[in-house]
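Commentary on secondary and tertiary structure
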Amino acid sequence: MNKNKKAHALDLLKGAYSLSTSDDNKIYYKSFAKHYDDVFVKSLGYIYPEEVAKILMSSFQIDGAICDIGCGTGLVAEKIKKINKKAIIDGVDISTDMLEISKTKKLYRNLFDLDLNGNLSDLSKNYAAIISAGTFTHGHLGPDVLRKLVEHFNTNTCCVIGINYQHYVEKGFEDLFENLVKENVITDFSVAEARVYYKEDELIKNNNNKACICTFKIL
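Right, let's walk through the structure included here. Quick caveat: nothing in here was measured; it's all calculated off a predicted structure. (Residues numbered from 1 in each chain as written. Predicted model: local features only at pLDDT ≥ 70, side-chain atom pairs only at ≥ 80, totals over all residues. Heavy atoms only, no water.)

Grouped together as the largest cluster of nonpolar side chains are 32 residues, with contacts concentrated most on Y46, Y48, L56, I80 and I131. Broken down by secondary-structure element, the contributors of at least two residues to this core are α2 (22-44), α3 (48-59), α4 (75-83), α5 (96-105), β4 (129-136), β5 (158-164) and β7 (210-218). In this structure, L120, L141, I161 and F216 belong to the second largest nonpolar core, which totals 31 residues. (Core = buried A, V, L, I, M, F, W, Y, C linked by side-chain atoms within 4.5 Å. Buried < 20%, exposed > 50% of the residue type's maximum accessible area, 1.4 Å probe, protein only. Helix = DSSP H or I, 4+ residues; strand = E, 2+ residues; numbered from the N terminus.)

This is how it looks when you write it as structure tokens:
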């Protein structure tokens, strides 16, 4: 591996973990987008999108369109299409620069520039499934945003949501899911652990090379 590329990738990862607001994300990914696939994904062995996509496609019989929340450069869609090339997928992301890269790959039916902290009224409620890998990773989007997202979609929507392993308990996601089950908002809830990177580095270890992948249906 090119050591300069590895160092650059780790710098990008370190910067990503320091994000705290929507504006931080927009600014950061403006410069990050063009390096994301070649430098970040390849150099660090970013396998998280594939793990999340596999769980969605193996857990549910999906009859309809999928909404990829925080779609970035289209890594999740690439993996879904490898499993089912006829899958219909819409993508949502806060970064127009990342969306521009996704657009070139021709994986999505539609792409939407959307801040999950804002109003979701322009986002269709009618999806067979929603999937997210990497959106609930850096801590700037917490359980309140995830609850709003879950409550937005129609009954019987199938969901697979990846969450940073450390944040799952510390930020209150575990409590959120317990409450959503008790309130009959979701059903068939399960959680599995998955690796985020197949390569190891001290920075990656320090930021937990694990994620919680939550699977459920909306009531």
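Next comes the rest of the write-up.
Each regular strand displays side chains that alternate between the two surfaces of the sheet. Of all the seven residues making up β5, seven are buried; the element is thus mostly covered by neighbouring parts of the structure. Taking every second residue as pointing to the same face, both faces of β5 are buried, with C158, V160, G162 and N164 on one and C159, I161 and I163 on the other. Bridge count between β4 and β5: five bridges; the pairing is parallel. By the bridge assignment, S132 is partnered in β5 with I161. Relative to β7, β5 is paired through seven bridges, and the arrangement is antiparallel. Looking across to β7, one finds that I163 is bridged to C212. (Pairing = 2+ DSSP bridges.)

Let us look at the packing of aromatic side chains. Each aromatic ring pair is characterised by the separation of its centres together with the angle its planes make. Applying the stated criterion across every chain, the model contains eight aromatic pairs. Consider the rings of Y127 and F153, whose centres lie 6.2 Å apart with planes at 70 degrees: the pair is edge-to-face. One end of the pair, Y127, is in the loop between β3 (110-113) and β4; the other, F153, is in the loop between α6 (143-152) and β5, with 26 residues separating them in the sequence. On the accessibility criterion, Y127 (6% relative accessible area) is buried. Given a relative accessible area of 4%, F153 falls into the buried group. Plain terms: the ring middles of F136 and F173 are 5.9 Å apart, the flat faces sit at 75 degrees to each other, and that makes the pair edge-to-face. (Phe/Tyr/Trp six-rings, centres within 6.5 Å; stacked < 30°, edge-to-face > 60°.)

What you tend to see is this: most non-glycine residues have negative phi, and most peptide bonds are trans. Residue N184 is not a glycine yet carries a positive backbone phi of 60 degrees. By secondary structure assignment, the location of N184 is in the loop between α8 (173-182) and β6 (186-195). Of note, D188 is a non-glycine position whose phi angle comes to about 55 degrees, a positive value. Note on placement: D188 falls in strand β6. Take D188: its relative accessible area is 55%, and that puts it in the exposed class.

Bear in mind that shape data such as this cannot, by itself, settle questions of function.
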